[in-house]
Amino acid sequence: MRYLPKSPADRQSMLKAIGVQSIDDLFSPIPAEYRLKRDLKVPRQMAESEILDWFRERSRENGEGYATFLGAGAYSHYRPVIIDSLISRGEFLTAYTPYQAEISQGTLQSIFEFQSMICELTGMEVANASMYDGSTAAAEAVMMAVRLTGRRSVVAARTVHPEYREVLATYAFHQGMPLSEARFTGNGRVDLEALERSLTPDTACVLIQSPNFFGTIEDVNAVAELAHKHGALLVVAVAEALSLGIVVPPSQADVIAMEAQSFGVPLGFGGPYCGVIATREQYVRQMPGRLVGQNTDKTGKRGFVLNLATPEQHVRREKATSNICTNQALIALIVNIFMTIYGKTGLMELAKLNLAKADYGVRELGKLGKVLFSGAPRFNEFVIETEEDPATINTRLLEQKIVGGLPLRKFYPELGNAALWCCTETTSRKAIDSAASAIKQHGRREEVRDMEKVAL
Amino acid sequence: MNPVTRKSTRHVNQNEGLIFEKSSPGKAAWRLPQSDVPEVDAGKLLGSAERKTLGSMPEVSEIEIIRHFTRLSTWNYAIDLGMYPLGSCTMKYNPRVNEVVARLEGLANGHPYLPESIAQGALRIMKSLSDCLIEITGMDAITLQPAAGAHGELTGLLMVRAFHESKGSPRKKILIPDSAHGTNPATAATAGYAVENLKSNTAGMVDVAALTSQMNEDVAALMLTNPNTLGVFEQDIHKIADLMHAKGGLLYMDGANMNALVGKVRPGDFGVDVMHLNLHKTFSTPHGGGGPGSGPVAVKRTLEPYLPTPVLKENPDSTLAFDYDRPQSVGRVRAFYGNFGMFVRALAYIMANGPDGLRQTTEDAVLNANYIRKGLDGTYDLPYKTPTMHEVVFSDKLQAKKGVRTMDIAKRLIDYGFHPYTTAFPLIVPGALMIEPTESESIEELDLFVEAMRSIAREVDEDPQTVLQAPHTTRVSRLDETAAARKPNLRWKPAAS
């Protein structure tokens, strides 16, 4: 086996040094009746070239060469090539969690820079070193609000990503936390009156997302005022991190739960991604996950170290703030490099380009259907309601190697034939025009059928 | 101070400030493509929601970014540089073909909501990996959704809870041996259970008599790591499983130490009902400086209805699809389907090994650990003499007489060119030195390690200050973690102008 650095003679000499006859002697603590006496039924040992061939085949079966209008919590953005050159360095790729600060300064300084940039972008005072993803970050942020307020119940806007809400429901249900939902209005924003009605003296926090699942930017100010008036905290989820380049950050929030996938992380069929929690300094001790702090060594030299390690489970065990241990360090490094590349001006220009593409998309596609929620500003996603079932439109688009917008019926039956479209800097005008003509074909087919009827 | 042995030597590593300190207005490492759509007025589109500035985000050029991160990288220790004897962390070689296949266009760029008709490649990878892991563990069904080991633990316990609820009551407690990793009790608490400690016997194993007296109808499950954190295989595992099952409880296995078992014995065959795996340990996906991980949870048939949604299913035409119609499911634990990129890597690892390679890997891992045990027994105190599998736990009892503790020895090991071993647990060994070499070490590297550990033991006798002040060869010396915790500085801020 090519990964194993031993010759048969090495193994024999090691057995001899240990003082046993055969390798089986070392497995004798396992009761004989349970020992496996056959080969595992897994694929036979393969050469590297065979492995590559097999996965290339799978890659070809997986949307290779398709243009897509899918967003909905996972965004297609260009990934500068230096990201992969840098994260492929073995010193980053194959390092362990930086508990041993003296030989982990590379990872630690990089995380410190990541935390600093996340603070800058979100307008928060502290950010952690990453969470599993946006959905679990949102659930953990809500549990953090529960600990901070001593209250138990949670109100989530129906405009929060449906799968984020599902994750929250899982956590909340098993923690016995009452969870209610606030509906949205015709402008696609959370209904403030409905929200206020669902607030009680037991409400720990309100969870909204902005831009929300429909791409609409919520009125964070108004929601914050409402929540705070009732003594509840405001947790804001940000699923499209690039929006922070051109949209005012929700800094009225008490906790921001972010998904940073947009910053250079491959779509990768849903993961690994990079969640982050950012908050105010006063709440830092209830924040889950790891934190890196700047410090000095005994000679006064600047160094970085995992900070506030006491909440971690190996010390606190069942009293830990969260059971999260491994997080997404390498993905946070991707995000860090991406933020560094685009920086102060690039993120803004890139976000503006997304705004322009989505604006073109909504104009062109809007001519053929009804643009929902046009009463509030949006970032790079929009909802179009068509006469025809969007699944049928998408079937036609697939023939042109285009994946159309996400039909919303599955998540929002009340929206009928609506679909969520996303345009980023990777969306070409040509793809938007093709999508528009595919929607139009429905009308034409109807016309043809009408003419056939006349001819009969 | 002893001259440090053969493995390490000093080399120049370059200083590098924070990226913010290199920033100046007008530098840029980006250029956007020419736009093919009309320009827009952000103020008009966004109104008061328009952001005007990104504050002190950096402005640097591409070469500066390359040098910045390359210089930072040289300050890290990594598997690619040498042995990582961290107990229970299984820091093994991360094969490079895994990285290549994970970056193939369709796999790296596939959107999670692609229509299933053009996502068959990803679904096939998930199905193949699921089948392999089910076979390796001897279980009946699996979810790949949890993002890491601790997330898998939580998912497993939520399923335990749902199982008991279906029988009328979720029950109250989880039993956890005192040798367990700290995430176990943290997870049990997160799942809403009280934690009851289970004492180990003098051999370092579960005390069956104690279990018999503590097991009752209030106990939902026992969370057991096998081999446990001492590296000891729980020989009474069948009695333990029977005791749990007789009172309606379940046996949860923490698969952190699965590297001792793959291809040799299957947890499903010795009575485990539910277990998680760590793809970033046993199945070679890179640790990446602290993640991403991946923590699939495998279960017996009785727990299958409670798996998180969605679950993979095979259509009659043998295409694959997601099944969302799972009324008894515990629900979703993560958006989308889990850390798919890690599934690709883990499957590539299994294919590179095959059944013979996986078995040989396990044998070598156990061989390596026993070789170290033999080489250091006597030089360091071995508190439990019970035979061990893939890892071994010594204590600092002999060195403590000179005032030198496990952390000091660990730090001195850095000067010899090794990453420290695990010091934080198991808690049942005061001053633990928990060593897991994995199969990835050659006899030469193991000999260097043993030599380094013996040399440090000599230093403790002759010159303990050298060990107490270690490391001596790193960029920074020990950092004051308690001061950092009192007055944390968690972000860079621009100097006040």
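Numbers given for residues are sequential positions, taken from 1 along each chain in its written order. Here the convention is simple: chains get letters from A, ligands get numbers from 1, in the order in which they are written. Only residues with pLDDT of at least 70 are given local features in this predicted model, and only at 80 or more are side-chain atom pairs given and counted; all residues enter the totals for whole chains, interfaces and linings. Note: side-chain values were computed over all heavy atoms of the structure, leaving out hydrogens and water.

Participant: Looking at this model, I keep getting lost on the interface of chain A and chain B. Mind explaining?
Facilitator: Any two residues having at least one pair of non-hydrogen atoms within 4.5 Å are treated as being in contact. Each partner contributes to the interface: chain A provides 182 residues, whereas chain B provides 203 residues. What counts as buried area is the accessible surface, traced by a 1.4 Å probe, that two parts surrender upon association, with contributions from both included. Both faces combined, the contact of chain A with chain B buries some 16,900 Å², and carbon together with sulfur accounts for 65% of it. Between Lys or Arg on one side and Asp or Glu on the other, a salt bridge is scored when a side-chain nitrogen of the former is within 4 Å of a carboxyl oxygen of the latter. Taken together, the connections running from chain A to chain B amount to eleven salt bridges. In this structure, the salt-bridge partner of Asp84(A) is Arg103(B), at a minimum N-O distance of 3.2 Å. Polar contact is the term for a pair of N or O atoms within 3.5 Å; when the atoms are in protein, one must be able to donate a hydrogen and the other to accept it, and sequence-neighboring residues count only if both atoms are side-chain atoms. Taken together, the links from chain A to chain B amount to 75 residue pairs in polar contact (both at pLDDT 80 or more). Top contributing element to the side of chain A that touches chain B by residue count: helix 12 (residues 329-366) of chain A, with 25 residues. Residues are sorted three ways: Asp, Glu, Lys and Arg are charged, Ala, Val, Leu, Ile, Met, Phe, Trp, Tyr, Cys and Pro are nonpolar, and all the rest, Gly among them, are polar. Among the residues forming the side of chain A that touches chain B, the class breakdown is 90 nonpolar, 51 polar and 41 charged. A helix here means a DSSP run of H or I that spans at least four residues, while a strand means a run of E at least two residues long, and both kinds are numbered starting from the N terminus.

Participant: Is there a simple way to explain helix 7 (residues 134-149) of chain A in this structure?
Facilitator: Side chains of residues three or four places apart in an α-helix project in the same direction, reflecting 3.6 residues per turn. All names here are of chain A. Here helix 7 is 16 residues long and its end C-alpha atoms lie 22 Å apart, about the 22 Å a rise of 1.5 Å per residue gives. Only protein chains enter the accessibility calculation, which uses a 1.4 Å probe. A residue is then buried if its area is under 20% of the maximum for its type, exposed if over 50%, and partly exposed in between. Judged by how many residues are buried, helix 7 sits mostly within the fold: 13 of 16 residues are covered. The first or second residue beyond helix 7 is Gly150, which carries a positive phi of 70°. Multiplying 1.5 Å by the helix residue count minus one yields the expected span of that helix.

Participant: What is the right way to read the domain arrangement of chain B from this model?
Facilitator: Many descriptions give the size of an interface as the accessible area lost when the pieces come together. All names here are of chain B. Here the bounds of each domain stem from an automatic or database domain assignment. Under the domain assignment, chain B is made up of domain 1 (97-350) and domain 2 (358-483). On a C-alpha basis, the centres of domain 1 and domain 2 stand 30 Å from each other. Contact with domain 1, which involves 26 residues of that partner, is made by 24 residues of domain 2. Between domain 1 and domain 2 the total buried area reaches about 1,900 Å² when both faces are included, carbon and sulfur atoms providing 64% of it.

Participant: Is there a simple way to think about the domain arrangement of chain A in this case?
Facilitator: All names here are of chain A. Segmenting chain A into domains produces domain 1 (67-74 + 344-455) and domain 2 (82-340). Each of domain 1 and domain 2 has a C-alpha centre, and the two are 30 Å apart. Between domain 1 and domain 2, the residue contacts involve 28 residues of the former and 34 residues of the latter. Taken over both partners, the interface formed by domain 1 and domain 2 buries close to 2,400 Å², and the fraction arising from carbon and sulfur atoms is 70%.

Participant: Looking at this structure, how should I read unusual backbone geometry?
Facilitator: Outside of glycine, negative phi angles account for most residues, and trans bonds account for most peptide bonds. Residues and elements named next belong to chain B. Here Gly291 and Pro292 are connected by a cis peptide whose omega angle stands at 10°. Structurally, Pro292 can be placed in the loop between strand 6 (274-276) and strand 7 (297-299). With omega at 0°, the peptide bond leading from Ala470 into Pro471 counts as cis. Unlike most non-glycine residues, Phe336 shows phi in positive territory, near 60°. Overall, Phe336 belongs to the buried group, its relative accessible area being 2%.

Participant: Would you mind showing me how to read the sheet that holds strand 5 (residues 250-254) of chain B here?
Facilitator: Each strand in a sheet pairs with another by means of backbone hydrogen bonds, the pair being arranged parallel or else antiparallel. Residues and elements named next belong to chain B. Taken together, seven strands build an open sheet; the order of strands is 1-7-6-5-4-2-3 and the sheet is mixed. The outermost strands of the open sheet, each flanked by one partner alone, are strand 1 (141-143) and strand 3 (194-198). Strand-to-strand twist of the sheet, defined as the mean angle between neighbouring strand axes without regard to direction, takes the value 25°. For two strands to be treated as a pair, DSSP must find at least two bridges joining them. Alignment of strand 1 against strand 7, held across three bridges, turns out to be antiparallel. Across the sheet, residue Thr143 finds its bridge partner in strand 7, namely Val297. What counts as an axis is a line fitted to C-alpha atoms, over the stretch in contact for a helix, and the angles between N-to-C directions run from 0 to 180 degrees. Against the sheet, helix 6 (residues 149-166) engages strand 1, strand 2 (173-177), strand 4 (219-225), strand 5, strand 6 and strand 7, with an angle of about 175° to strand 5. Across the sheet, helix 7 (residues 183-190) touches strand 2, strand 3, strand 4 and strand 5, and the angle it forms with strand 2 is around 175°.

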